[in-house]
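Fold and geometry: a report
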Amino acid sequence: MADVLNGSAARKAGDQSTSELVQRASEQITTLVRDELALAKAELAEKGKHAGVGIGLFGGGGVLALYGVGALIATGIIALSLVLPLWLAALIVTVLLFAVAGILALLGKKQVTQAVPPEPSAAIESVKADVDEVKHAVKDRSRA
């Protein structure tokens with residue numbers, strides 16, 4: 001384009017043949033697509049960097065929360081040890097934790113069992129019914 005404007009050896013757009021214009025448009029489209037892909041790549045790299053940092057910070061927060069839960073459990077044991085022997089307070093908290101873990105595991109197993117088999121049974125039956133309906137409609141039309 002700069003060649004056309006500054007009067008160099010290139011001919012004006014009105015003087016160029018159709019094949020030259022198509023070739024020029026093709027080159028410009030190729031350049032445009034390359035530039036757009038480069039922009040998209042740079043944008044995705046920047047977003048990926050932010051996502052990576054965010055995931056790392058989120059994971060760090062999760063680890064600290066886990067330590068906080070441990071400290072809370074220790075606090076519960078210490079609080080119980082004010083009225084019971086320390087070993088008994090620790091045993092009670094341990095049994096309570098295992099009981100909660102067992103209940104959660106059973107509830108999780110029940111949820112997984114409800115998800116099996118993974119195929120959508122209701123949708124499959126509905127499609128089979130639709131196919132049967134279409135078959136009957138085609139047979140009825142062919143008889144008529």
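Predicted model, so just to flag it, every value in this text is computed and none were measured.

Points about the overall build of the protein
Each helix and strand in the protein was counted, giving four helices and zero strands. Scanning the protein from its N terminus toward the C terminus, one meets helices and strands in the order α-α-α-α. Counting across all 144 residues of the protein, residues that qualify as buried make up 3%. Surface accessibility of the protein: about 12,200 Å² in total, with carbon and sulfur atoms responsible for 71%.

Concerning the pattern of salt bridges
Inspection of the entire model under this criterion finds one salt bridge. Here K47 and E43 are joined by a salt bridge, their closest N and O atoms 3.5 Å apart. Here K47 pairs with E43, and both are found in helix α2 (residues 18–80), just four residues apart, close to one helical turn.

Examining the environment of L97
Examined against the element boundaries, L97 turns out to sit in helix α3 (residues 86–115). Note on L97: relative accessible area 41%, which makes it partly exposed.

A word on the confidence of the model for the protein
Here the protein averages 85 in pLDDT, and 90% of its residues register 70 or above. The secondary-structure element of the protein with the lowest mean pLDDT is helix α1 (residues 2–5), recorded at 46, while α3 shows the highest, at 94. Contacts from residues 1–9, a stretch scored under 50 in pLDDT, to residues over four places away or in other chains number seven contacts.

A word on the packing of α2 against α3
A pair of packed helices can be characterised by two numbers: the angle between their axes and the separation between those axes. Look at α2 against α3: their axes get within 8 Å of each other, and the N-to-C directions meet at 135°. In terms of orientation, α2 lies oblique with respect to α3. Of the two elements, α2 crosses α3, and the hand of that crossing is right-handed. Across the interface between the two elements, I73, G76, I77 and L80 from α2 touch L86, A89, A90, I92, V93 and L97 from α3. Grouping the constituent residues of the contact of α2 with α3 by class yields nine nonpolar, one polar and no charged.

Let's talk about a negative patch on the surface
Together, D130, D132, E133 and D140 make up a region of like negative charge exposed at the surface. Along the chain, the position of D132 falls in helix α4 (residues 121–143). When its relative accessible area of 38% is taken as the criterion, D132 is described as partly exposed.

Scoring rules and cut-offs
Residues numbered from 1 in each chain as written. Predicted model: local features only at pLDDT ≥ 70, side-chain atom pairs only at ≥ 80, totals over all residues. Heavy atoms only, no water. Helix = DSSP H or I, 4+ residues; strand = E, 2+ residues; numbered from the N terminus. Buried < 20%, exposed > 50% of the residue type's maximum accessible area, 1.4 Å probe, protein only. Areas by Shrake-Rupley, 256 points an atom, 1.4 Å probe, with all protein chains shown as cover. Salt bridge = Lys/Arg side-chain N within 4 Å of Asp/Glu carboxyl O. pLDDT = per-residue confidence, 0-100. Contact = heavy atoms within 4.5 Å. Axes fitted to C-alpha atoms, helices over the stretch in contact; angles between N-to-C directions. Parallel < 35°, antiparallel > 145°, perpendicular 65-115°, else oblique. Left-handed = near helix turned anticlockwise from the far one by under 90°. Nonpolar A, V, L, I, M, F, W, Y, C, P; charged D, E, K, R; others polar. Patch = residues over 30% accessible without salt bridge, like charges linked within 9 Å, V, L, I, M, F, W, Y side chains within 5 Å. Lys, Arg positive; Asp, Glu negative; His and termini not counted. Charge placed at Lys NZ, Arg CZ, Asp CG, Glu CD.

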